[in-house]
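Residues per chain, in single letters:
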Amino acid sequence: MKIERWFLFALLWVGSLLTSFAQPAKQYVTVTASPDHADWVYRVGEQAQFTLYALKDNEMLPGVVIDYQYGPEKLAPVFKGQVTTDRNGQAKIKVPGAKAPGFITVRVSTQYEGTTYSGYTTIGFEPEKILPTTTLPDDFTEFWEDAKAQAAKVPMEVKIRRDDNQSTDWADVYYVRIQSYRKGNYVYGVLTVPKGEGPFPGVLRLPGAAVRAFSGPNSLAAEGMVVLEIGIHGIPVDQDREIYSALQSGSLAGYAAMGLESRNTFYYKRVYMGCLRAIDYLCSLDSVDENRIAVYGGSQGGMLSIVTAALDSRVKYMVCQFPAFCDVTGYYNGRAGGWPHLFINPSETAIQEKINTSKYFDTVNFARFVRIPGFYTWGFNDLTCCPTSTFSAYNVIDAPKELRLALDAGHWTYPWQVRAGIDWLKEKFGIAEGEGE
C-alpha cells in the first residue's frame, strides 16, 4: 500500500509541475552563452567573459556563426555582434560590467540547416544590493487594516461538497465555496484532507496567473498536510475547460491591470481579501492545527504568498517561487519590472494614478512586513518574473529567509527546487521523515 501511495504521489507531483511551470523542450541545436563565473554573479563594474558555442549531439560545432547581443535585463540591447566558433567549437566575447546592481542578459542565435536556434543567459551584478523603485505609501498599513476590518464583517457561509471520484484511500477531496470580501462574492477551491489522526498542518496553495480549473487530491496532502488550493476569480473551479478559455480570452483578459486607476477598484483588492478569507476557513477546520499554517505558491501564487504572509499573522511559514508583481514601477524608472510588466509606455493614459495605485499592491511593499521564515527559489533566466524584480522584494525582507537559485531556470522549476521547498516546510512543521508518506 505504501509503494502504491508513493507512486500516486509521484504522478500527482510530476503532473502539477507539467501543468504549472513546465520546463521547455530541448532544442535540436542548443546555443549557449556560458559566463566565466560559476555562480553567474559579478561585482558592479566587473567585466564578464562568455564562451559561446552551439551544441548538437553533445558535440560543439566548429565554424558556426553566432549572433549575439547584450543589454540590461528585459530592455533593448546596447550592443550587437557576431563571432565564428573556432576548431574546438568555441568563441569568446567580453561584456562590460553593469554600473549599478542589476542584471545583464546575453542573447545568442545561429542558423543550422535552415533553422534558427537561440538561447540566452542572464548574469547578476551584486544582486543582493538591488533596491526597489517603488515606494511605500504613508497610509499603506491603514489602508489594508481598514480593508481587512471591512472584509471580516462578511460571514463565510461555507458550502462544501465531497468528491467521491477524486477522494482516495489516503485523502478526502472536497470542493468548497466561501463567501468573501462582500456579500455574494466567493472564493472557490479544492480542499484535500489526509486520512488519519489530526490535526494536521494547513497549507494555502495559491495559484499562478491564469483562469483554470482545479482538482485534487493535492500532492502536498501526501506529505501529511491539509491543503486548500483556491482560484482567485470568484468562479467555480470545477467547470469545463472551454469556460475558462472563454473567460481568459474574454472578460478576464488582462485582469492583472483591471481597475488600476484606483486602489479601491483594482482587481487584486478582492483577491487579497479572498486569500485572508481562505486562511479563516483553514483555521476553522477541526482537521487543521491553526498554529501550523503556511502559504505556498509560484509566480502570481508567490506574490499572493508574500501578501498573505504580510497581512495575516496566523501564517507561520512560506514557500515562495519567483513571485510576481514585484517592483512593477521598474520600467518607468528605466529598468526591468515584474509581471505583468506595467508602465512600459510612460505616456499611457492616467499613468500616475495607476502608479500610485500599484504601490498599495506591489509585492515589494508587502515584503517589507514579512516577519516569518520563508523558503524562496527562482532562476536568473526568468523572463516573466525577472530577477531584478524578485530580488527587489527579497532584499527588503527582514525575516529568516533561504534562497535557493537554479541559475539557468526560466519561469519554471526543477523537481529538486520543488522537493527542497517541501522538505523545508516539513521540517518547519515538525513532520518526521516518513510521516504522511
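Residues numbered from 1 in each chain as written. Predicted model: local features only at pLDDT ≥ 70, side-chain atom pairs only at ≥ 80, totals over all residues. Heavy atoms only, no water.

**Q** Kindly report on the UniProt feature "active site" (unreviewed entry) in the chain, identifying the contributing residues and their values.
**A** Under the present numbering, the feature "active site" (unreviewed entry) in UniProt falls on S299, D382 and H411. Sequence-wise these annotated residues cover 113 residues; spatially they are packed, their C-alpha atoms never more than 10.5 Å apart. Judged by relative accessible area, which is 4%, S299 ranks as buried. Assessed through its relative accessible area of 1%, D382 is described here as buried. Contact partners of D382, with chain neighbours within four places excluded, come to E73, F322, P387, A409, G410 and H411. (UniProt positions renumbered as here; feature names shortened; annotations may be inferred. Buried < 20%, exposed > 50% of the residue type's maximum accessible area, 1.4 Å probe, protein only. Contact = heavy atoms within 4.5 Å.)

**Q** Account for the environment of D164, naming residues and giving values.
**A** Structurally, D164 is set in the loop between strand 10 (159–162) and strand 11 (171–179). The exposure class of D164 is exposed, given its relative accessible area of 56%. A distance of 2.5 Å separates polar atoms of two side chains, one belonging to D164 and the other to R162. (Helix = DSSP H or I, 4+ residues; strand = E, 2+ residues; numbered from the N terminus. Polar contact = N/O pair within 3.5 Å; in protein donor to acceptor, adjacent residues only side chain to side chain.)

**Q** Could you give an account of the pairing of strand 7 (residues 91–95), with specific residues and numbers?
**A** Consecutive side chains along a regular strand alternate between the two faces of the sheet. Judged by which residues are buried, strand 7 turns out to be one-sided: A91, I93 and V95 face inward and are buried, whereas K92 and K94, on the alternate face, are not. Of the pairings in the sheet, the one linking strand 3 (residues 48–56) to strand 7 comprises five bridges and is antiparallel in character. Looking across to strand 7, one finds that L52 is bridged to A91. (Pairing = 2+ DSSP bridges.)

**Q** How would you summarise the pairing of strand 3 if you had to cite specific residues and measurements?
**A** Taken across its nine residues, strand 3 has seven buried, putting it largely inside the fold. As defined by bridge partners, strand 1 (residues 30–35) adjoins strand 3 across six bridges and the pair is classed as antiparallel. The partner of V31 across the bridge, within strand 3, is A54. Bridging between strand 3 and strand 4 (residues 59–60) involves two bridges; their strand directions are antiparallel. Bridge pairing in strand 4 places L55 opposite M60. Linking two consecutive strands that pair antiparallel, namely strand 3 and strand 4, is a turn of two residues; a positive phi of about 55° is found at D57 within it.

**Q** Kindly report on the packing of aromatic side chains, identifying the contributing residues and their values.
**A** Overall, the coordinates contain 34 aromatic pairs when judged by the stated rule. Directly above the aromatic system of Y186 lies the positively charged group of R177, at a separation of 3.8 Å from the ring centroid. In this arrangement the basic side chain of R263 is found over the ring face of Y360, its NZ or CZ atom lying 4.8 Å from the centre. (Phe/Tyr/Trp six-rings, centres within 6.5 Å; stacked < 30°, edge-to-face > 60°. Lys NZ or Arg CZ within 6 Å of the ring centre and 35° of its normal.)

**Q** An account of the sheet that holds strand 9 (residues 115–125) is requested, with residue identities and associated values reported.
**A** One open sheet holds the five strands; their spatial order is 2-9-8-5-6, and the pairing between them is mixed. Each end of this open sheet is capped by a strand with a single partner; those strands are strand 2 (41–42) and strand 6 (79–84). As defined by bridge partners, strand 5 (residues 65–72) adjoins strand 6 across six bridges and the pair is classed as antiparallel. Following the sheet pairing, Q69 is matched in strand 6 by K80.

**Q** Let's hear about the side chain of Q300: which residues, and what values?
**A** By the element assignment, Q300 lies in helix 5 (residues 300–311). Given a relative accessible area of 0%, Q300 falls into the buried group. A polar contact is formed between the side chain of Q300 and the side chain of Y268, at a distance of 2.7 Å. Setting aside chain neighbours within four positions, we find Q300 in contact with P207, G208, A209, I232, Y255, Y268, A324 and W339.

**Q** Before we move on, could you go through the nonpolar core and cite the residues and values that matter?
**A** General note: in soluble globular proteins, nonpolar side chains tend to be found buried as a group. Ranked by size, the top nonpolar core spans 105 residues in total, and within it W144, L228, Y268 and Y272 carry the most contacts. A per-element tally of this core places helix 4 (residues 267–284) first, with 12 residues. Beyond its immediate stretch of four places on either side in the chain, Y272 contacts W144, M303, L304, V307, F361 and F366. (Core = buried A, V, L, I, M, F, W, Y, C linked by side-chain atoms within 4.5 Å.)

**Q** How would you sum up the environment of E229? Please name residues and give values.
**A** Within the secondary structure, E229 sits in strand 14 (residues 226–230). Along the chain, E229 and S305 lie 76 residues apart, while their C-alpha atoms are 12 Å from each other. Ignoring anything within four residues of it in the chain, the contact list for E229 reads Y188, G189, V190, R205, R212, F214, S215 and N218. For E229, the side chain forms a polar contact with the side chain of N218, separated by 3.2 Å.

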